[in-house]
Amino acid sequence: MPFEAARPLYVGARALGMGNAFTAVADDATAGFWNPAGLIQWQGVKVFGMRKVYNRKDYAFDPKGIGYSYRGNAFFWGNKIALGVDSGTPDFNYYSFARQVNAYVAVGLSLKFTRKHPAGYYQFFGYEWSYDIGILSRPSSSIQVGILLQNIPARRSIRWISTGFSYHWTQVVLSTDFIVSTSSRADIEAHFGIEWRLNKYLHFRTGISAGHPTVGLGVKIRNFRLDYAWIRETKESSSRDASHVFHSHFLSAEFFGY
């Protein structure tokens, strides 16, 4: 599972429907997780929440967050919690800041705090911290390039480097992410996605997330968007050389105001 290491995978049904290829897109309220530099891509407030709505016996995943951007500065708070995974209850609070450097480049920083479970009190931060550094560049009106340097708890060096590319053409967005581990550079994780805006209300998405197919659908009405995503996953079983194949369904909602 991707949750134990404070990575952004699966956060937001829109990103998941696009094969988790979102580092160079990051233009909604999940940007604080995917690439904090993307938080400057709108003005005002965006709020989102997500829930895994089917097959929670394999794991449950319910992130949420709120972002605010104004005149090239942006702030974000988010929480990412998973239930029923092997590591127990991975639970991370994110606090992010982004700044527009110039017309072509933005930078962002996320501080991630691990929260203890069980705990008899509210944990505003947590007992262990780590960080993400994000860069978003727009060399032209149709091309964006994103970089995310990811750190994990109990390790102060960079653990993963994600490089993303997105191409925006009329009603279509194409995106790719390539993730390299600094401890095993031979192992590259690839993600590919596409979003097709059929009209101003309906968006269709599909992709490949590290070899797993994904499909998504979004409905946008004024300042509200509802997104659905499906992914086929595999999980190693206790039997030797055997794996368990299952399907997961997610819903997320986003509200944005100015």
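Details of the structure are given in the entry above.
If you're wondering where the values come from, they're calculated on a predicted model, not measured in any experiment.

Quick word on the overall build of the chain
Scanning the chain for helices and strands turns up two helices and 15 strands. Taking 2.2 N^0.38 as the reference for a compact globule, 258 residues should give roughly 18 Å; the C-alpha atoms of the chain span a radius of gyration of 17 Å, in line with that estimate. Expressed along its principal axes, the backbone C-alpha trace of the chain runs to roughly 50 × 40 × 35 Å. In the chain, the proportion of contacts linking residues at least 24 apart, taken out of those at least 6 apart, comes to 45%.

Details of the pattern of salt bridges
According to the stated counting rule, one finds 14 salt bridges in the structure shown. The partner of Arg14 in a salt bridge is Glu195, with the nearest N and O atoms 3.0 Å apart. Residue Arg14 is found in helix H1 (residues 13-17), and its partner Glu195 is found in strand E11 (residues 184-197); the two are separated by 181 residues along the sequence. Each member of the pair, Arg14 as well as Glu195, carries the same accessibility label: buried.

Side note on the side chain of Asn79
Here Asn79 is to be found in strand E4 (residues 73-83). In this structure the side chain of Asn79 is engaged in a polar contact, spanning 2.8 Å, whose partner is the side chain of Asp91. Apart from residues lying up to four places away in sequence, Asn79 is in contact with Phe33, Pro63, Lys64, Asp91, Phe92, Asn93 and Arg115.

Considerations on the layout of surface pockets
In this approach a probe as big as a water molecule rolls over the atoms, and the regions it shows empty are the leftover space. Volume-wise, the second largest pocket comes out at about 390 Å³. Around the second largest pocket, the lining is made up of 18 residues, and of these Arg14, Asp27, Lys46, Arg197 and Lys220 lie nearest the centre. Elements with a minimum of two residues in the lining of the second largest pocket: E11, strand E12 (202-209) and strand E15 (243-257). For the lining of the second largest pocket, a count of residues per class yields three nonpolar, four polar and eleven charged.

Things to note about the packing of aromatic side chains
Summed over all chains, the structure comprises ten aromatic pairs. Taken together, a centroid distance of 6.2 Å and an interplanar angle of 85 degrees make the contact between Phe33 and Phe48 edge-to-face. With Phe33 in helix H2 (residues 31-34) and Phe48 in strand E1 (residues 44-54), the pair connects residues that are 15 residues apart, well separated along the chain. Judged by its relative accessible area of 0%, Phe33 is buried. The interplanar angle of 50 degrees and the centroid separation of 5.3 Å between the aromatic rings of Phe75 and Phe97 together place this pair among those described as tilted. Placement of the pair is Phe75 in strand E4 and Phe97 in strand E5 (residues 91-100), with a sequence separation of 22 residues.

Some words on the nonpolar core
Nonpolar side chains in soluble globular proteins tend to be buried together. Counting 36 residues, the largest nonpolar core has Tyr10, Leu39, Tyr59, Phe61 and Phe250 as its most contacted members. At the level of secondary structure, the elements contributing two or more residues to this core comprise H1, H2, E1, E4, E5, strand E14 (224-236) and E15.

Notes on the pairing of strand E3 (residues 64-70)
Of the two faces of E3, the one lined by Gly65, Gly67 and Ser69 is fully buried and the one lined by Lys64, Ile66, Tyr68 and Tyr70 carries no buried residue. In the sheet, E1 pairs with E3 via six bridges, with the strands oriented antiparallel. Bridged to Val47 within E3 is Ile66. With seven bridges connecting them, E3 and E4 associate as antiparallel partners. Bridge pairing in E4 links Ser69 to Ala74. Hairpin connection between E3 and E4: a loop of two residues separates the two successive antiparallel strands, and Arg71 in this loop has a positive phi of roughly 50 degrees.

Reading the values: rules and limits
Counting of residues starts from 1 at the beginning of each chain's written sequence and follows it residue by residue. pLDDT decides what is reported in this predicted model: residues at 70 or higher carry local features, side-chain atom pairs at 80 or more are listed and counted, and totals for whole chains, interfaces and linings draw on all residues regardless. Here the side-chain values reflect all heavy atoms present in the structure, with hydrogen atoms and water set aside. Strands are runs of DSSP state E lasting at least 2 residues, helices are runs of H or I lasting at least 4, and numbering of each runs from the N terminus. Two things to know: the radius of gyration comes from C-alpha atoms, and the globule rule equals 2.2 Å times the number of residues to the power 0.38. In this description, contact between two residues means that some pair of their heavy atoms is separated by no more than 4.5 Å. For salt bridges, the criterion is a side-chain nitrogen of Lys or Arg within 4 Å of an Asp or Glu carboxyl oxygen. Here's how the labels work: a residue is buried when its accessible area is under 20% of the maximum for its type, exposed when over 50%, partly exposed in between, all with a 1.4 Å probe on protein chains only. Think of a polar contact as two N or O atoms within 3.5 Å of one another; within protein, one of them needs to be a possible hydrogen donor and the other a possible acceptor, and neighboring residues in sequence only count if both atoms come from side chains. As defined here, a cavity is a set of points on a 1 Å grid over the protein atoms alone where a 1.4 Å probe fits but cannot get out. A pocket is an open set with protein on both sides within 12 Å along at least five of seven lines, and residues line them when an atom is within 4 Å of a point. Grid points are joined across faces, edges and corners, and a volume is the space filled by probe spheres set on the points. Amino acids outside the nonpolar list (Ala, Val, Leu, Ile, Met, Phe, Trp, Tyr, Cys, Pro) and the charged list (Asp, Glu, Lys, Arg) are all regarded as polar, and Gly is one of them. By convention, a stacked pair of Phe, Tyr or Trp rings (six-membered ring in the case of Trp) has centres within 6.5 Å and planes under 30 degrees apart, an edge-to-face pair has planes over 60 apart, and any other such pair is tilted. To qualify as a nonpolar core, a set must consist of buried Ala, Val, Leu, Ile, Met, Phe, Trp, Tyr and Cys residues joined through side-chain atoms within 4.5 Å. The criterion for strand pairing is that DSSP finds at least two bridges linking the strands in question.

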